[in-house]
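Architecture at a glance
So the chains spell out like this:
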Amino acid sequence: MYIETVKKNMKLPKTVRILDTTLRDGEQTPGVAMTVDEKIRIAQRLDKLGVDTIEVAFPVSSPGEREVAREIHKLNLNSNVCGLARALKKDVDAAIDCDVDYIHTFIGTSPLHRKYKLKMGKEEILSKAVDTVEYIKDHGITAEFSAEDATRTEFDYLKKVYGAVEDAGVDYIDVPDTVGVMIPSSMNYLISELKKDIKVPIGVHCHDDFGLAVANSLSAVEAGAEQVHATINGLGERAGNASLEEVVMALITRYGIKMNIKTELLVSISEFVSRITGVKMPPNKAIVGDNAFAHEAGIHVHGVLQKAETYEPITPEMVGHTRRIVLGKLTGANAIKAKLDKYGIELNDQQFEKVFNQIKGLGDRGKCITDADLKSMAENVLGKAQKEIVKLEGFSVMTGDNVMPTATVKLNIDGEIKTAAKTGVGPVDAAINAIQSLMGETVDIELDEYHIEAITGGTNALAEVFVIMSDENGNRATGRSTVDDVVMASVDAVLDAINKILIER
Ligand SMILES: CC(=O)SCCNC(=O)CCNC(=O)[C@H](O)C(C)(C)COP(=O)(O)OP(=O)(O)OC[C@H]1O[C@@H](n2cnc3c(N)ncnc32)[C@H](O)[C@@H]1OP(=O)(O)O
Ligand SMILES: CC(C)C(=O)C(=O)O
């Protein structure tokens, strides 16, 4: 409701175009390099998502980049296919040679870039910018111009450069905050001032050095900017660019701006890009993070169970996410009751209190509790001993100096006795390898996490082993065991998790 009040003073455009630069600036993320095929697959998804323009490559930079641009052009996407070019004829020629329909050219304009990087004066830079835009337009191609480091460029000179490229026929002007130095109010001021003279659509390209890329992009839109450069997952040079999913969801839901983006595809494209680039999203990443719609705190879950909006600003479905109720230290009774109801488990007050206290106890010790754990706790208090599908029938381990640690494990798997011997880097590793080799014959269960803790002091300390395992269908379970033998505790914990998963299947 406060937004409606302040919106009256904004110069919001009717719609905002998105230029996605995941494949260009996103690839500048240190450590990220995508193959031609990977870039093509991401471009297809970006097109489906509905971005207006995809900056697919910097064609002059390598034969692979040129192949990317050529191949993506051939796909006949709805999105414009854009290539980046310095203000150099050879860069533009390289882009033209790939048949792109849109060229984004740039040159540094700030005193730092002029003096130290380009070693050029103001007039030389201005004429290179104009010549390049004219050259692009002479080829009948859409031209976008960025004054690199615009936000550290003297305003009069910046306005002169933008005015000159506008006269040269540029289609879009972009204002890059190349090292993320702006704050929302200064971005608002700069765009408002530029808008007084520039008539072609203005966009912004914000970097996240101070975590302000999204805020600065939104502030530019408040001042009338019609385009935002963004990347999936906020990938990009150094701290990255404005995250597309955050910009888009804020524009649509906070500002009420109509856009062509199919927001329900945001989570899947984020996961796809994360898999391809190897850059994992933190769980608390806005919109697409694992926890974006997860609730653990009792008071929140109580609210969400009655009306999700109490603790969710948008629905998970809007972005292709799912709501999760997580059990842990901060869980309240309502969350546990809802989960038990879901699994059709009825406990009396005493039994419920036992389960509740177990969850709190585990939580206080920093453990996470899965749904399989809850079911097993509930079944234990109900007196139904958990069915053991896999039982340990025999176990021995050999280790020492100059001896390859070797474990022999005998398991009863649903009535069938199986034995395996395996080596490992240590006795625990050897034992787990032996169990997994036996289980691998029937199901594919992976060990995702292994933690060990000494509960009491001394060499005879009780060891608590905690594992998380999962199968190929995404069933996950924790396993725990506390005994005074580290290897036995590990074997028991792994079998505990395996049994929970098998019961779940
Ligand atoms: C802000 C940004 O994100 S801009 C995009 C940054 N992305 C990349 O740099 C990734 C791809 N880059 C590359 O493959 C290479 O750097 C290339 C092919 C572009 C250039 O490679 P090289 O010719 O070996 O030059 P190098 O990268 O060492 O130096 C950059 C050159 O471009 C010049 N230059 C930089 N920006 C511009 C510009 N906008 N217009 C004209 N010249 C420019 C520099 O002055 C320097 O020239 P010099 O070699 O004559 O001194
Ligand atoms: C090419 C330009 C827009 C750029 O990437 C930047 O300034 O960060």
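Structural data are supplied above this passage.
Per chain, residue numbering runs from 1 following the sequence as it is written. The order in which chains are written sets their letters, starting at A; the order in which ligands are written sets their numbers, starting at 1. pLDDT decides what is reported in this predicted model: residues at 70 or higher carry local features, side-chain atom pairs at 80 or more are listed and counted, and totals for whole chains, interfaces and linings draw on all residues regardless. Calculated side-chain values reflect all of the structure's heavy atoms, with hydrogen atoms and water omitted.

1. Observations regarding the site of ligand 1
Counted only if it meets this: To be near a molecule or strand, a residue needs just one of its heavy atoms within 4 Å of it. In protein, a polar contact requires one atom able to donate a hydrogen and another able to accept it; more generally it is a pair of N or O atoms within 3.5 Å, and residues adjacent in sequence count only if both atoms are side-chain atoms. The secondary structure listing takes helices from DSSP runs of H or I that are at least 4 residues long and strands from runs of E that are at least 2 residues long, numbered from the N terminus. Under the scheme applied here, ten amino acids are nonpolar (Ala, Val, Leu, Ile, Met, Phe, Trp, Tyr, Cys and Pro), four are charged (Asp, Glu, Lys and Arg), and all others, including Gly, are polar.
Surrounding ligand 1, one finds Arg 24, Gln 28, Phe 58, Ser 61, Arg 86, Ala 87, Leu 88, Phe 106, Ile 107, Lys 117, Leu 118 and Glu 148. Contact distances for ligand 1 include 2.9 Å between an oxygen atom and a side-chain N or O atom of Gln 28. One of the backbone nitrogen or oxygen atoms of Ala 87 is found 3.2 Å away from a nitrogen atom of ligand 1. Sorting the residues of the shell around ligand 1 by element identifies strand S4 (102-108) and helix H5 (111-118) as the ones contributing at least two each. Considering only residue class, the shell around ligand 1 consists of six nonpolar, two polar and four charged.

2. A word on helix H9 (residues 213-222)
Test applied: Burial here depends on accessible area, computed with a 1.4 Å probe over protein chains only, as a share of the maximum for the residue type. Under 20% is buried, over 50% is exposed, and the range in between is partly exposed. In this description, contact between two residues means that some pair of their heavy atoms is separated by no more than 4.5 Å.
Here H9 lies mainly inside the structure; eight of its 10 residues are buried. Listing the buried residues of H9 in full gives Ala 213, Val 214, Asn 216, Ser 217, Leu 218, Ser 219, Ala 220 and Val 221. Summarising the contacts, the buried residues of H9 are in contact with strand S6 (172-177), helix H8 (184-197), strand S7 (202-206), strand S8 (227-230) and helix H10 (244-254). Just downstream of H9 lies Gly 224, where phi reads positive at about 110°.

3. Focus on the nonpolar core
Here is the rule we go by: By convention a nonpolar core is built from buried Ala, Val, Leu, Ile, Met, Phe, Trp, Tyr and Cys residues, the set being connected through side-chain atoms within 4.5 Å.
Within the largest apolar cluster, 96 residues are counted, with the highest numbers of intra-cluster contacts made by Phe 145 and Tyr 162. By residue number, the principal contributor to this core is helix H6 (residues 122-138), which donates seven residues. For Tyr 162, the residues in contact, after removing those within four places along its chain, are Phe 145, Ala 147, Ala 150, Ile 173, Asp 174, Val 175, Pro 176, Leu 194 and Ile 198. Among the nonpolar cores identified, the runner-up in size contains 32 residues, and Ile 413, Ala 420, Ala 431 and Val 465 belong to it.

4. Observations concerning the state of the cysteines
Cysteine pairs can be covalently joined through their sulfur atoms, and such a bond is termed a disulfide. Selection rule: By convention in this document, the label disulfide applies to cysteine sulfur atom pairs within 2.5 Å.
In the structure shown here, the tally under the stated rule is zero disulfides. Free cysteine: Cys 98, not disulfide-bonded; nearest cysteine sulfur from Cys 82 at 12 Å. Here Cys 206 is not disulfide-linked; the sulfur of Cys 82 is the nearest cysteine sulfur, at 17 Å. Under the relative-accessibility criterion, Cys 206 is labelled buried at 0%.

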